[in-house]
Structures are given as structure tokens and as C-alpha cells.
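Coordinate inspection notes
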Amino acid sequence: MLAIRIPRRKAVALATAAVLAGLAAPAATATPATATATKTVTTTTASYDPAYYDAAAGKTGTALKSALHTIISDQTKLSYSAVWEALKVTDQDPNNSNNVILLYSGISRSKSLNGGDVGDWNREHVWAKSHGDFGTSTGPGTDLHHLRPEDVQVNSIRGNKDFDNGGGSFTNSGGSLTDSNSFEPRDAVKGDVARMILYMAVRYEGTDGWPDLEPNDSVTNGTNPYHGRLSVLKQWHQEDPPSTFERNRNDVIHDSYQHNRNPFIDHPEWVESIW
Ligand SMILES: [Ca+2]
Ligand SMILES: [Ca+2]
Ligand SMILES: [Ca+2]
């Protein structure tokens, strides 16, 4: 009997330990979940540390632009080849992790189709790289904040045109339009385009060997370091406020790649203050 009881006690003890372990496991996972919820509540709409912008507090106009320039110029820079893999993360289709969303087309396309052939997607410079002629060496030409996946042929159609309203449709346009001298993105990304252009204007001020990029109201900027049209971009910024996709993209670039942010996604009101 004793020989039997001892194993039984051991069995009960082990079972009790297993139950306790089972109870302990959910309790342990509940703690971080609660902490996450608390963090979300305390930071309200911000998914980043608001202290990032402390140096811009209370500033307006050119003083704000200058403060933001200093803040966002503290960044990690990518090589042009590294941009391929980064875009597969920053622009991943929320509904299909095998795909990226193409900016102007709105098409969800396989991440593996990056390249230069018909049917591929490539690296679109939203601030056309010929505007200031900065190319693709590490700098503005590799800055993820204005680089997006786009269909090779649509990228070619957009070319280096300034942004403005008007024009006709084209293959894989997704609702975007173009005419002889300008390009109008589909409605869902009009504001995204505006905020990318304005990010570039603040980030690049001619202080680090790169041109001083600035928006203006022209559609004939050619290779000058300007991009149009500011009045239309400001309108688009109002019509298409930052979305969940755009905010997530800003977070991923900050957290995983460049460690800097697009201030106009975090603080849309700063567009009007500066321009
Ligand atoms: Ca036009
Ligand atoms: Ca949008
Ligand atoms: Ca500038």
C-alpha cells in the first residue's frame, strides 16, 4: 500500500504543480497586455514618444521649420540596395503579408516582383530625383520617407512631373491622372504625397552637401531643386489626412530603419504653420 501511495502523492503533487503552472502562465501574459493598454491610453493618439518633438514645442513658421530640420536630420541612412528590402516592410499590404501596395496604382503586388521588367514594381521617388539631381547615392535618393513601391510602367509615366490636378487615365492608374506637365495621384494617397514632399523640404536645407529642396507653385521646375505645386499639395493634405497605413509606415521607418519621423504625419497642423 505504501509503495502505491507514494507514487500517488507524487502524481498529485506533479498534477498540482502543472495546474499552478497553467494558472501562472495566463497571469504572466496578462501583465504585458495590461502594460500595453496603459501605454496606449497615456500616449493617446501618439504611437511614438512625444518627447521626440520637444525642441519644436511652442514654435511656428520658420523657427518651427528650423527646429524640425534639426530633429529629423538625426537619422540612419540606407544604401539604395537596402531600400528594396525596407519597402517590403514599410509598404506591406495589411491584408496579405506576401505583397506590397503600389502607391499610385493601389495594386497589391507580390514582394518578389521587385525589378525593372514589365509587371514588376520598383522604387518610386515621390520627390522626383531629377528635381535637385540628387541621384540614388545614400542621401535624399535613398530616404524611405519619400520612396514607395510602384509599377515600373506607372513610375515611368509619372516620370519627373510636378504634382497638380488634372489629366487623363492610363494603364494601372488606379484613379491617378496625368497630362503633359503634371501628375495627380489617386484620392487615397493625395495627402501622403503632399506630406512626403513637405518632409523632404524640411529635411534637406542645403546644409549637408545636398540641395536645399523646397516646394513652389510651378509645374515647370525641371532639374531645379523645387517641387510643385505647393497650393495643390496643401489642399490635398487637408482632403486626405494621415491614415493608419501612413502612420504605421512612419513608425516602421522610425523604429526599424532611419530612426527619424515625418513631422507632418504626426502633426498635420504644422503644414499650415510653416506654409
Ligand atoms: Ca498639368
Ligand atoms: Ca491617404
Ligand atoms: Ca529645404
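The structure displayed is predicted, hence computed values, not measured ones.

Leu68, Tyr104, Val126, Phe163, Val193, Phe264 and Trp275 are the most contacted members of the largest nonpolar core, which has 39 residues in total. Elements supplying a minimum of two residues to this core: helix H2 (61–72), helix H5 (190–203), helix H6 (230–239) and helix H9 (269–274). At 9 residues, H5 tops the list of elements feeding residues into this core. Sequence-distant contacts of Val126, that is, excluding residues within four places in its chain, are made with Leu103, Tyr104, His146, Arg148, Arg158, Phe163, Val193, Met196, Ile197 and His227. Counting 12 residues, the second-largest nonpolar core is a separate cluster that includes Leu78, Tyr80, Leu87 and Trp121.

A word on the confidence of the model for the protein chain. The predicted model of the protein chain has a mean per-residue pLDDT of 88, with 83% of residues at 70 or higher. Low pLDDT (under 50) marks residues 1–44, which in the prediction has 1 contact with non-local residues, meaning those over four places away or in another chain.

So, on to the coordination of the calcium ion (ligand 3). At this site the calcium ion (ligand 3) is bound by Ala201 (O), Tyr204 (O), Glu205 (OE), Asp212 (OD), Leu213 (O) and Glu214 (OE), with donor distances of 2.2 to 2.4 Å. Classification of the site at the calcium ion (ligand 3) as octahedral follows from its 6 donor atoms and the range of 79 to 173° in their angles at the metal. Overall, the relative accessible area of 0% leaves Ala201 in the buried class. Residue Glu214 is classed as buried on the basis of its relative accessible area of 17%.

Let us look at the pattern of salt bridges. This structure, assessed with the given rule, holds 17 salt bridges. Of the charged contacts, one joins Arg249 and Asp91 as a salt bridge, the two residues approaching to 2.8 Å between their closest N and O atoms. Taken as a pair, Arg249 in helix H7 (residues 244–257) and Asp91 in the loop between helix H3 (80–90) and strand S1 (92–93) lie far apart in primary sequence, 158 residues in all. Close ionic contact of Arg203 with Asp208 constitutes a salt bridge, the shortest N to O distance being 3.3 Å. For Arg203, a relative accessible area of 2% corresponds to the buried category. The network of salt bridges with common partners includes Asp91, Arg148, Asp192 and Arg249.

What counts, and where the lines are drawn
All residue numbers refer to position in the chain's written sequence, counted from 1. Lettering for chains starts from A, numbering for ligands starts from 1, and both go in the order in which the items are written. Owing to the predicted nature of the model, reporting of local features is limited to residues with pLDDT of at least 70; listing and counting of side-chain atom pairs is limited to 80 or more, with chain, interface and lining totals taken over all residues. Calculation of side-chain values draws on the structure's entire complement of heavy atoms; hydrogens and water are dropped beforehand. For our purposes a nonpolar core is just a set of buried Ala, Val, Leu, Ile, Met, Phe, Trp, Tyr and Cys residues, chained together by side-chain atoms within 4.5 Å. Residue burial is assigned from relative accessible area. The probe radius is 1.4 Å, only protein chains are included, and a residue is buried under 20% of its type maximum, exposed over 50%, and partly exposed in between. Secondary structure elements follow DSSP: runs of H or I of four or more residues count as helices, runs of E of two or more count as strands, with numbering from the N terminus. Should any heavy atoms of two residues lie within 4.5 Å, those residues are counted as being in contact. Confidence of the prediction at every residue is given by pLDDT, a number between 0 and 100. Donor atoms: N, O and S within 2.8 Å of the metal, or within 3.2 Å for Na, K and Ca. Because water is excluded, sites can look incomplete. Site shape is set this way: if four donors have all angles between 85 and 135 degrees, tetrahedral; if opposite donors are over 155 degrees apart and all others between 65 and 115, square planar for four donors and octahedral for six; otherwise irregular. Salt bridges are counted wherever a side-chain nitrogen of Lys or Arg sits within 4 Å of a carboxyl oxygen of Asp or Glu.

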